[in-house]
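# Examining the three-dimensional arrangement
Listed below, chain by chain, are the residues.
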Amino acid sequence: QVQLVESGGGLAQAGGSLRLSCAASGRTFASNYGMGWFRQAPGKEREFVARISWSGGNTAYALAVKGRFTISRDAAKNTVWLQMNSLNPEDTAVYYCAAGLRSSGTYLWNYWGQGTQVTVSS
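What comes next concerns the included structure. These figures come from a predicted structure and were not determined experimentally.

Analysis parameters
Every chain is numbered independently, its residues counted from 1 as its sequence is written. In view of the model being predicted, local features appear only for residues whose pLDDT reaches at least 70, and side-chain atom pairs are presented and counted only at 80 or more, with totals across whole chains, interfaces and linings using the full set of residues. For the side-chain quantities, the full set of heavy atoms in the structure was used; hydrogens and water were omitted. Only DSSP runs of H or I covering at least 4 residues are called helices, and only runs of E covering at least 2 are called strands; the numbering of each starts at the N terminus. Throughout, the radius of gyration refers to the C-alpha atoms, and the reference size of a globule is 2.2 Å times the residue count to the power 0.38. Accessible area is worked out with a 1.4 Å probe on protein chains only. A residue is then buried under 20% of its type maximum, exposed over 50%, and partly exposed in between. The contact criterion used throughout is that any non-hydrogen atoms of two residues lie within 4.5 Å. Computed with the Shrake-Rupley method and a 1.4 Å probe, the accessible areas treat only the protein chains shown as cover for residues. Only four residue types enter the charge count: Lys and Arg as positive, Asp and Glu as negative, with His and the chain ends excluded. In plain terms, the charge of a residue is placed at NZ if it is Lys, CZ if Arg, CG if Asp and CD if Glu. Side-chain atoms within 4.5 Å are what join buried Ala, Val, Leu, Ile, Met, Phe, Trp, Tyr and Cys residues into a set we call a nonpolar core. Each salt bridge in this description consists of a side-chain nitrogen of Lys or Arg and a carboxyl oxygen of Asp or Glu lying within 4 Å of one another. Note on terminology: disulfide denotes any pair of cysteine sulfur atoms within 2.5 Å.

Along the protein, the regular secondary structure elements total 0 helices and 11 strands. In the protein, the order of α-helices and β-strands from amino to carboxyl end is β-β-β-β-β-β-β-β-β-β-β. The C-alpha radius of gyration computed for the protein amounts to 14 Å, which stays within 12% of the reference 14 Å derived for 122 residues, consistent with globular compactness. Expressed along its principal axes, the backbone C-alpha trace of the protein runs to roughly 45 × 25 × 25 Å. Looking at the protein as a whole, 43% of its 122 residues qualify as buried. The long-range share in the protein, meaning contacts at least 24 apart out of those at least 6 apart in sequence, stands at 54%. Surface accessibility of the protein: about 6200 Å² in total, with carbon and sulfur atoms responsible for 48%. Charge separation in the protein, taken as the distance between the mean sites of 11 positive and 6 negative side-chain charges, equals 9 Å.

Moving on, we get to the nonpolar core. Membership of the largest hydrophobic core comes to 30 residues, with the highest contact counts inside it found for Leu-4, Met-35, Trp-37, Val-80, Leu-82, Met-84 and Tyr-95. For this core, the secondary-structure elements that each account for two or more residues are strand S1 (2–7), strand S3 (18–26), strand S4 (33–40), strand S5 (47–53), strand S7 (69–74), strand S8 (79–84), strand S9 (93–103) and strand S11 (116–121). Among residues more than four places away in sequence, those in contact with Val-80 are Leu-20, Ser-21, Cys-22, Met-35, Trp-37, Ile-52, Trp-54, Ile-71, Ser-72, Arg-73 and Cys-97.

What follows is about the pattern of salt bridges. Inspection of the entire model under this criterion finds 3 salt bridges. Here Asp-91 makes a salt bridge to Arg-68, at a shortest N to O gap of 2.7 Å. Residue Asp-91 is found in the loop between S8 and S9, and its partner Arg-68 is found in the loop between strand S6 (59–61) and S7; the two are separated by 23 residues along the sequence. Exposure class is identical for Asp-91 and Arg-68. Each is buried. Each of Arg-39, Glu-47, Arg-68 and Asp-91 takes part in a single network of salt bridges with overlapping partners.

Moving on to the state of the cysteines. Counted according to the given criterion, the structure contains 1 disulfide. Here Cys-22 is linked by a disulfide to Cys-97, with a sulfur-sulfur distance of 2.1 Å. On the sign convention where negative means left-handed, the S-S torsion of about -85 degrees between Cys-22 and Cys-97 marks this disulfide as left-handed. Of this pair, Cys-22 sits in strand S3 while Cys-97 is found in strand S9, placing the two residues 75 residues apart along the sequence. Residue class for Cys-97 comes out buried when judged on its relative accessible area of 0%.

Here the focus is the environment of Leu-101. In this fold, Leu-101 is placed in strand S9. Leu-101 gets classed as partly exposed once you look at its relative accessible area, which sits at 30%. When the C-alpha atoms of Leu-101 and Trp-54 are compared, they prove to be 9.9 Å apart, with 47 residues separating the residues in sequence.

Turning to its location among the elements, Trp-81 is positioned in strand S8. A C-alpha to C-alpha distance of 9.4 Å links Trp-81 and Glu-6, two positions 75 residues apart in sequence. Apart from residues lying up to four places away in sequence, Trp-81 is in contact with Arg-19, Leu-20, Ser-21, Trp-37, Thr-70, Ile-71, Ser-72, Arg-73 and Asp-74.

Everything listed is a geometric property; what it means functionally is a separate question.
In structure tokens:
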């Protein structure tokens with residue numbers, strides 16, 4: 001009922017920037033709605049990157065990306081962005097957009113995008 005479409009992945013040089021977007025369509029969550037980004041690097045487990053609440057816009061980030069990545073959203077367009085600055089090769093991964101509801105402090109990520117490849121060269 002909710003479709004997430006990602007774009008903006010690609011190749012960047014170390015120290016460069018990329019901006020990912022994720023557009024949501026279909027049914028919209030009424031309350032405690034949030035969207036987030038996860039990533040999975042080659043040979044590693046999927047990890048949390050960032051998330052944002054839809055109503056208040058409060059954010060949370062993984063330690064590895066704090067100060068370099070910024071998550072934002074446009075409620076009118078049902079779109080979330082991930083601005084990635086100061087990229088390094090360790091950021092190379094498939095990045096996934098997710099959406100869900102917060103329950104008792106934990107987001108239930110029920111919807112996922114198809115993933116977009118981000119490659120950072122040294």
